[in-house]
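Examination of the molecular architecture
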Amino acid sequence: MVDAFTKAKLMAHFETAIATSQGARRYQEDAAAVWSDRHAQPVMLAVLADGMGGHAGGAIASRLASDTFIEKFTDADGDTAHRLTSALDIANKAIARAVEKDPGLSGMGSTIVAAAFGVSGLEWISVGDSPLYLYSLGEVALLNEDHSLAPGLDQMAAEGLITVDAARNDPRRHMLRSAVTGEDLELVDLSRKPLTLEPGDYVILASDGVHTIDEAKIAALVQEFADQGPQAVADALVRAVIELREPHQDNVTVLAVRFSPATGEDDAR
């Protein structure tokens, strides 16, 4: 027997959708995937990776990182936090092995953000600058740390050391302080405890190309399309980025997850 609270959580489900665009780039270096199992804990894992290293290297790195992460997460034992850290470690080692096997891939790497959804809520791990957002009650919050130079530049602007425009347009803004490259991971963001989700909440994983629009615009678009489902939300966010026609627009990928109550007794079994 389960108590009413646990049963209610078990009767919840997660709807997902992915939208993507190459932007102004000649190639796509983003990768995103979802794993789910109604009889497992957590019940779903969403992963997004943004590769770097040129046409071949970036695409290989992002796909290798995301595929390896999902494979090892589903095989790992222990609690969710341990499985997330173990999967990240093995994904990082997979990049190292690939470069060792083919030195022509030297310099390739990837960001990664992985979100695990279960009865106890949302847990995540990330390396790099791919954002993880929570949309709830009309507001958007960034859940994970940004491992690029952008936060430091924004802090300098806040302190009056440089202008806001200088911070936004600094060519170093998107330089990463940590990434999955096969080397030691300098910075890793791991959730401290599960984050409780409420029906109607959206969790958004994205590549940094989404930074072309600000968080206020993201919140407005999710609110506008929320009732139409995650595909409408993901499409709207990518469309808003592309409509700005930035001449150097990066790849942009959005993986949208909606938490909602399920119906039917079968969902609680």
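Read on for an overview of the structure. Bear in mind that the values here come from a model prediction, so they are computed numbers and not experimental data.

Next up on the list: the overall build of the protein chain. Assigned secondary structure in the protein chain consists of seven helices and eleven strands. Considering only contacts within the protein chain whose residues lie at least 6 apart along the sequence, 71% involve residues at least 24 apart. When the accessible surface of the protein chain is split by element, carbon and sulfur atoms take 50% of a total near 13,300 Å². Taking the average location of the 22 positive side-chain charges in the protein chain and that of its 41 negative ones, the two points are 2 Å from each other.

Along the chain, Ile 70 falls in helix α2 (residues 54-75). For the pair Ile 70 and Ala 91, spaced 21 residues apart in sequence, the C-alpha separation works out to 9.0 Å. Those residues within four positions of Ile 70 in sequence are excluded, and the remaining contacts are Ala 33, Val 34, Trp 35, Leu 45 and Val 47.

The next subject is the nonpolar core. Counting 26 residues, the largest nonpolar core has Ile 204, Val 210, Ile 213, Ile 218, Val 233, Leu 237 and Val 254 as the members making the most contacts within it. Secondary-structure elements contributing two or more residues to this core are β7 (132-136), β10 (202-206), α6 (215-225), α7 (230-243) and β11 (252-261). Looking at this core, the element that brings in the most residues is α7, giving eight residues. For Ile 204, the contacting residues outside a window of four places in its chain are Pro 131, Leu 132, Tyr 133, Val 233, Leu 237, Val 254, Leu 255 and Ala 256. In terms of nonpolar packing, the next biggest core, distinct from the first, is built from 25 residues, Ala 33, Ala 65, Ile 70 and Val 180 among them.

Before going further, it helps to spend a moment on α6. Along α6, the residues that are buried comprise Ile 218, Ala 219, Leu 221, Val 222 and Phe 225. Buried residues of α6, seen end-on, are gathered within an arc of 170° and therefore sit on one face of the element. Relative to its buried face, α6 has exposed residues pointing more than 90 degrees away, namely Ala 216, Gln 223 and Glu 224. For α6, the secondary structure elements touched by its buried residues are β7, β8 (139-142), β10 and α7.

The rules we used
Counting starts from 1 at the beginning of each chain's written sequence and moves along it residue by residue. Two thresholds apply to this predicted model, a pLDDT of at least 70 for residue-level local features and 80 or more for giving and counting side-chain atom pairs, whereas whole-chain, interface and lining totals are computed over all residues. The basis for the side-chain values is all heavy atoms of the structure; hydrogens and waters are excluded. Each helix is a run of DSSP H or I of at least 4 residues and each strand a run of E of at least 2, with the numbering of both proceeding from the N terminus. The contact criterion used is simple: two residues touch if any of their non-hydrogen atoms lie within 4.5 Å. Only the protein chains shown count as cover for residues, and the accessible areas themselves come from Shrake-Rupley with a 1.4 Å probe. Residues counted as positive are Lys and Arg, residues counted as negative are Asp and Glu, and His and the chain ends are not counted. We put the charge of a Lys on NZ, of an Arg on CZ, of an Asp on CG and of a Glu on CD. Definition of nonpolar core: a set of buried residues of the types Ala, Val, Leu, Ile, Met, Phe, Trp, Tyr and Cys, connected through side-chain atoms within 4.5 Å. Each residue is assigned to one of three classes by its accessible area relative to the maximum for its type, calculated with a 1.4 Å probe on protein chains only: buried under 20%, partly exposed between the two thresholds, exposed over 50%. The arc in question is the one traced by the directions running from the helix axis out to the C-beta atoms.

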